Amino acid sequence: MDPRPHDIVLFGATGFTGRQVAAWFARHVARSDVRWALAARNLDKLAAVRDSLGSGFGDVPVLQVDALDEDAVRAMAASARVVLTTVGPYALYGDRLVDACVASKTDYVDITGETPWVRRVIARHHAQAARDGTRIVPFCGFDSVPSDLGTWMIVQHLRQRHGQTTREVRASFRAKGGFNGGTLASALNLLGAERPRDMADPFALNPPERHPGPAPSRSQDLTNTHRDPDLGHVAPFFMAPVNTRVVRRSDALSAERGAGYGPEFAYQEALSVKGPAMGWGVLAAMSAVPLMARSSFLRGIAMRLGPDPGEGPSESDMDGGWFTTSFIGIGDGGARVRGFVKAEGDPGNRCTVEMLCTSALVLLQDRERLPPGGGVLTPAVAFGDLLLARLQRRGMVWEIEDVD
């Protein structure tokens with residue numbers, strides 16, 4: 001019998017995203033044999049979350065854990081086979097938990113988009129987690145599952161159908177959704193705490209030996225608006241500095257395992273816009289971001305105007321959201337393929353919860369079928385088609401076709 005009392009601990013269950021995670025588990029895991037528990041700092045709020053799940057959940061364990069209490073965090077990690085955490089900003093509250101998961105050989109998933117923090121986690125923990133077979137998997141939400149697994153899907157198709165490695169993948173996003181207070185807090189902390197050059201490196205998450213130095217033009221972040229011959233009018237996408245780094249780490253880690261995407265592989269992504277005027281509007285908005293990053297006054301205004309931590313879009317607004325990611329992939333022999341990832345629901349809330357919870361279940365229930373090896377991994381490297389197949393069964397669309 002497994003000596004750990006919990007299969008999955010949901011840490012941060014009283015926050016906006018954490019409450020959605022708890023509700024997801026109540027809907028989709030209740031009739032299974034998964035032993036799950038709720039954890040957060042405040043026991044009264046935890047009990048209220050458990051009560052909100054309805055009858056039949058009174059025996060779900062609740063664990064009082066402060067993210068800054070090293071002993072409590074260590075005990076929580078040691079009690080679980082998988083820890084799922086929504087407690088951000090991760091640069092402020094994530095270190096002790098990752099430390100504890102690596103020490104106790106507990107698998108881990110989160111929804112961070114904080115690439116500088118993950119870079120530090122890699123430096124501290126990748127080697128030990130790899131030796132132990134522990135899977136530490138950040139970026140398991142809208143940051144960055146569609147980009148990472150969508151590119152992986154393109155690469156696998158070109159390899160298996162056409163016998164070609166991948167020279168290039170370009171992606172564009174269309175989406176409708178809102179954001180919650182936790183996401184806002186993480187973004188503003190990232191802008192205020194990190195040096196711009198640390199966030200600008202296109203290969204920031206690559207292992208040092210697979211960092212190519214100055215980025216070739218095909219791997220630079222998009223800085224203009226133009227008409228892509230395959231994807232239509234595009235402009236810079238605010239999530240690209242996260243997603244692109246994750247995709248490139250997937251390529252680098254795959255190359256270490258002898259299955260790199262291609263010797264000339266490059267990846268870029270953009271926001272799909274209706275025309276040049278909209279593209280210029282996006283550029284103007286993006287240009288304001290560095291100004292906010294340098295101004296504590298402007299960050300304070302954003303915090304006052306945005307949702308508070310624990311708050312977010314209404315249920316109806318989240319139900320009305322959606323996203324579509326379009327890909328064009330080009331093989332080293334000239335083969336061209338097109339891919340799509342689509343889902344209904346607010347991408348940063350509904351879809352993120354779906355992807356995060358499903359990732360945790362893959363770690364728990366599909367462990368014997370997972371790609372071998374541990375470390376600080378990406379969703380594509382950690383899960384491969386196991387996560388993709390589960391998300392398809394949950395209603396998310398993953399399609400690929402050859403281009404004539």
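So, a few notes on the structure that sits alongside this text. (Residues numbered from 1 in each chain as written. Predicted model: local features only at pLDDT ≥ 70, side-chain atom pairs only at ≥ 80, totals over all residues. Heavy atoms only, no water.)

### Quick notes on the packing of helix 14 (residues 347-365) against helix 16 (residues 385-393)
Consideration 1: Axis separation between helix 14 and helix 16 bottoms out at 10 Å; the angle between their running directions is 125°. Judged by the inter-axis angle, helix 14 sits oblique to helix 16. In the packing of helix 14 onto helix 16, the handedness of the crossing is right-handed. From helix 14, E354, M355, T358, S359, L361, V362 and Q365 reach across to helix 16, where they touch L386, L387, R390 and L391. (Axes fitted to C-alpha atoms, helices over the stretch in contact; angles between N-to-C directions. Helix = DSSP H or I, 4+ residues; strand = E, 2+ residues; numbered from the N terminus. Parallel < 35°, antiparallel > 145°, perpendicular 65-115°, else oblique. Left-handed = near helix turned anticlockwise from the far one by under 90°. Contact = heavy atoms within 4.5 Å.)

### So, the environment of G15
Consideration 1: Tracing the sequence through the fold places G15 in the loop between strand 1 (6-11) and helix 1 (16-28).
Consideration 2: Residues G15 and L46 lie 31 residues apart in sequence; the distance between their C-alpha atoms is 9.8 Å.

### Let's talk about unusual backbone geometry
Consideration 1: Each neighbour pair has its own omega, and for G88 with P89 the value is -5°, a cis peptide bond.
Consideration 2: With an omega of 5°, the peptide bond between D143 and S144 qualifies as cis.
Consideration 3: Along the chain, S144 turns up in the loop between strand 6 (135-137) and helix 7 (145-162).
Consideration 4: One non-glycine residue, K105, adopts positive backbone phi at about 60°.
Consideration 5: A residue is classified by how much of its surface remains accessible, and K105, at 51% relative accessible area, is exposed.
Consideration 6: Although it is not a glycine, F139 adopts a positive phi angle of roughly 65°.
Consideration 7: In this fold, F139 is placed in the loop between strand 6 and helix 7. (Buried < 20%, exposed > 50% of the residue type's maximum accessible area, 1.4 Å probe, protein only.)

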